[in-house]
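What follows is the residue order along each chain.
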Amino acid sequence: MRRIVVVGAGQAGLVLALGLQRHGYAVTVVTDRDAGTIRAGGLISNQCVFHPALTRERALGINFWDGEAPEILGASFGLAGDSPEPAVAWQARFDHPAQSVDQRVKVSAWLTAFAERGGEVRIGKVTPDGLEEYAREFDLVLVAAGRGPQFDALFPRDDARSPHREPQRTIGILYLVSGRDEPLPVYPGLTFGLSRAGELFGLPIQSVRGPVFGLGFFGVPGGPMDVWDGVTGLDEHFELAKKVLREHFPWVEESLADARPSGPLDVLRGRVLPIVRDPVGTLPSGAKVLAMGDTAVTNDPIAGQGANMAAHAAAVYERRILDHGDRPFDEPFLHAAFAEYWEKAQHATRLSNDLLAPPPDHVLATLEAAQTAPEVASRFANIFSDPVDYARWLTDEDTALAYLASKGA
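Residues numbered from 1 in each chain as written. Predicted model: local features only at pLDDT ≥ 70, side-chain atom pairs only at ≥ 80, totals over all residues. Heavy atoms only, no water.

Let us look at the side chain of Ser178. Position of Ser178 among the secondary structure elements: in strand 7 (residues 170-178). According to the relative accessible area criterion, Ser178 is buried, its value standing at 17%. A distance of 3.1 Å separates a polar side-chain atom of Ser178 from the backbone nitrogen of Arg180. A polar side-chain atom of Ser178 sits 2.7 Å from the main-chain carbonyl oxygen of Glu182. Residue contacts for Ser178: discarding those within four places in its chain leaves Pro183, Leu184, Asp258 and Arg260. (Helix = DSSP H or I, 4+ residues; strand = E, 2+ residues; numbered from the N terminus. Buried < 20%, exposed > 50% of the residue type's maximum accessible area, 1.4 Å probe, protein only. Polar contact = N/O pair within 3.5 Å; in protein donor to acceptor, adjacent residues only side chain to side chain. Contact = heavy atoms within 4.5 Å.)

Here we come to the sheet that holds strand 14 (residues 280-282). One open sheet accounts for six strands, arranged 5-2-1-6-15-14; its pairing is mixed. Sheet topology places strand 5 (120-123) and strand 14 at the edges, where each strand pairs with a single neighbour. With strand direction ignored, the average angle separating the axes of adjacent strands in the sheet is 25°. Here strand 6 (residues 140-143) runs beside strand 15 (residues 288-291); their pairing, made up of two bridges, is parallel. Opposite Leu142, over in strand 15, you have Leu290 as the bridge partner. The sheet contacts of helix 9 (residues 331-355) involve strand 6, strand 14 and strand 15, and relative to strand 15 the element is tilted by about 5°. (Pairing = 2+ DSSP bridges. Axes fitted to C-alpha atoms, helices over the stretch in contact; angles between N-to-C directions.)

Within helix 13 (residues 397-406), the full set of buried residues consists of Ala400, Tyr403 and Leu404. Down the axis, helix 13 shows its buried residues gathered within 100° of arc, on one side only. Seen from the buried face of helix 13, the exposed residues on the opposite side, beyond 90 degrees, are Asp398, Ala405 and Ser406. Where helix 13 is buried, its residues meet helix 10 (361-369), helix 11 (374-381) and helix 12 (387-393). With a side-chain oxygen positioned 3.3 Å from the backbone nitrogen of Asp398, the residue opening helix 13 is Asp396. Positioned one or two residues after helix 13, Gly408 has a phi angle of 70°, which is positive. (Arc of directions from axis to C-beta.)

On to helix 9. Taking 1.5 Å as the rise per residue, helix 9 with 25 residues should run 36 Å; its terminal C-alpha atoms sit 34 Å apart, in good agreement. The largest bend in helix 9 amounts to roughly 45° and is located at Glu343. (Expected span 1.5 Å × (residues − 1). Bend = angle between axes of the 7 residues up to and from the residue.)

This part takes up the packing of helix 1 (residues 11-22) against helix 3 (residues 51-60). Their axes nearest at 10 Å, the elements helix 1 and helix 3 cross at an angle of 35°. Along this stretch, helix 1 crosses helix 3, giving a crossing that reads as left-handed. Seen from helix 1, the contacting residues are Gln11, Val15, Gly19 and Arg22; seen from helix 3, they are Arg56, Glu57, Ala59 and Leu60. Here the residues of the contact of helix 1 with helix 3 are counted per class, giving three nonpolar, two polar and three charged. (Left-handed = near helix turned anticlockwise from the far one by under 90°. Nonpolar A, V, L, I, M, F, W, Y, C, P; charged D, E, K, R; others polar.)

A large share of strand 1 (residues 3-7) lies buried, amounting to four of its five residues. The sheet contact formed by strand 1 and strand 2 (residues 26-31) spans five bridges and is parallel. When the bridges of strand 2 are listed, Arg3 appears paired with Ala26. Regarding topology, helix 1 serves as the crossover connection from strand 1 to the parallel strand 2, and that connection is right-handed. (Right-handed = clockwise from strand over helix to strand, strands pointing away.)

Another aspect to go through is the packing of helix 1 against helix 8 (residues 306-324). Remark: helix 1 packs on helix 8, axes separated minimally by 8 Å, with the N-to-C direction vectors making an angle of 30°. Judged by the twist between their axes, the crossing of helix 1 over helix 8 is right-handed. Residue-level contacts link Gln11, Ala12, Val15, Leu16, Gly19, Leu20 and Arg22 of helix 1 to Ala307, Ala310, Ala311, Ala314, Tyr317, Glu318, Ile321 and Leu322 of helix 8. Classifying every residue of the contact of helix 1 with helix 8 gives 11 nonpolar, two polar and two charged.

One pass over the full model with this rule turns up 29 salt bridges. Between Asp226 and Arg271 there is a salt bridge; the shortest N-O distance is 3.4 Å. Placement of the pair is Asp226 in the loop between strand 10 (210-219) and helix 6 (234-248) and Arg271 in strand 12 (residues 267-271), with a sequence separation of 45 residues. Using a relative accessible area of 23% as the deciding quantity, one classes Asp226 as partly exposed. (Salt bridge = Lys/Arg side-chain N within 4 Å of Asp/Glu carboxyl O.)

Right, let's talk about the environment of Ala402 for a bit. Structurally, Ala402 can be placed in helix 13. The spacing of Ala402 and Phe201 is 201 residues in sequence and 30 Å in space, taken between C-alpha atoms.

What follows covers the nonpolar core. Most often, soluble globular proteins have nonpolar side chains that are buried together. Membership of the largest hydrophobic core comes to 65 residues, with the highest contact counts inside it found for Leu131, Leu142, Met292, Tyr317, Ile321 and Tyr341. Excluding residues within four positions of it along the chain, Tyr341 makes contact with Val297, Met309, His312, Ala313, Val316 and Tyr317. Listed in part, the 46 residues of the second largest apolar core include Val363, Ala369, Tyr390 and Leu394. (Core = buried A, V, L, I, M, F, W, Y, C linked by side-chain atoms within 4.5 Å.)

Turning our attention to the packing of aromatic side chains. The final tally for this structure, using the stated rule, is 19 aromatic pairs. Here the aromatic cluster, defined as three or more aromatic residues joined through ring pairs, consists of Phe77, Trp90, Phe192, Phe201, Phe218, Phe380 and Phe384. We note Arg379 situated over the ring of Tyr403; from NZ or CZ to the ring centre the distance is 4.7 Å. (Phe/Tyr/Trp six-rings, centres within 6.5 Å; stacked < 30°, edge-to-face > 60°. Lys NZ or Arg CZ within 6 Å of the ring centre and 35° of its normal.)

If you trace the backbone, His312 turns up in helix 8. Each residue touching His312, except ones within four places of it in the same chain, is listed here: Glu340, Tyr341 and Lys344.

In structure tokens, the structure reads:
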């Protein structure tokens with residue numbers, strides 16, 4: 001029986017581990033925290049999982065929150081102008097509802113399910129040096145330990161695919177609940193606000209405390225939304241969030257007038273460096289290990305692609321492993337697995353990086369046309385679920401303008 005170890009217990013690593021487990025593989029997951037510690041800890045991330053990734057979870061029988069987590073039905077867009085009302089505004093439904101489940105809920109439940117189904121869980125922090133032991137013990141070592149500098153030397157930066165050397169946004173996220181008996185009067189989907197200073201994203205989430213509203217700000221470094229450095233307390237974060245909302249996205253402010261923080265641990269601040277790495281690492285012994293998820297490709301969360309590409313990586317790697325049979329997991333296999341993943345992931349990376357730059361004229365024209373052309377609004381909203389369509393349509397000015405003309409927009 002092939003023995004496989006997955007280092008890291010996030011969206012990528014656990015979906016792969018649970019998928020391989022279903023096919024009879026002896027899989028070990030290594031994580032630095034057990035399920036109870038993860039669930040009781042601080043906020044990990046804010047995510048919106050779209051239909052392709054949800055379909056994968058359902059196929060594995062691990063989407064435990066259908067019927068419980070609020071459906072994310074569509075997108076509501078607003079472009080800040082010179083007045084309290086947005087200069088451009090529209091709403092569009094997704095082709096299929098999305099869903100957001102607090103990573104603390106999801107990861108702890110999946111880790112528990114993996115163990116209950118017979119999987120081995122080892123608790124401990126793994127360094128690059130520690131991978132040597134796993135390379136001797138297992139047929140394949142997959143590193144899905146998340147983003148961070150600890151594996152910089154093992155998986156070096158791919159300069160050709162990584163245009164940024166510094167984080168492009170300062171991030172402040174807070175979970176909110178209603179301070180009154182009735183729910184917050186928020187849009188039942190993804191609220192997306194765009195201003196010169198940065199972006200706002202809000203969405204309903206199933207958290208450790210039940211339904212909440214996740215409010216996230218993404219500020220251009222050095223700009224007026226770059227306010228999170230030095231903030232330590234929940235109350236200070238909340239007051240700053242209300243100030244940013246009032247100054248940059250005032251049309252959203254009314255729907256959150258009665259909001260209050262959901263809990264002291266439901267807050268997150270930081271910066272993310274977008275980077276693509278060489279996915280195949282060579283240990284001092286010469287053994288090869290394969291990166292996946294954020295360890296291989298870290299996108300700024302502005303486009304909500306992290307969890308979705310993690311699920312895609314898990315699906316691709318699982319299929320490659322199953323098809324490989326009893327042959328050795330050699331270097332050509334490792335590169336081929338990542339190459340198939342990158343065929344789609346490159347478009348998610350392009351979308352994420354493009355959203356970090358000021359929108360070009362043809363994109364602004366598309367956002368404006370979406371106000372009066374529902375088909376345009378729908379297609380734009382659904383590129384987050386299918387970033388490949390973004391590459392087919394919106395990355396080229398002539399193609400985008402020809403599309404608008406065909407729709408009479």
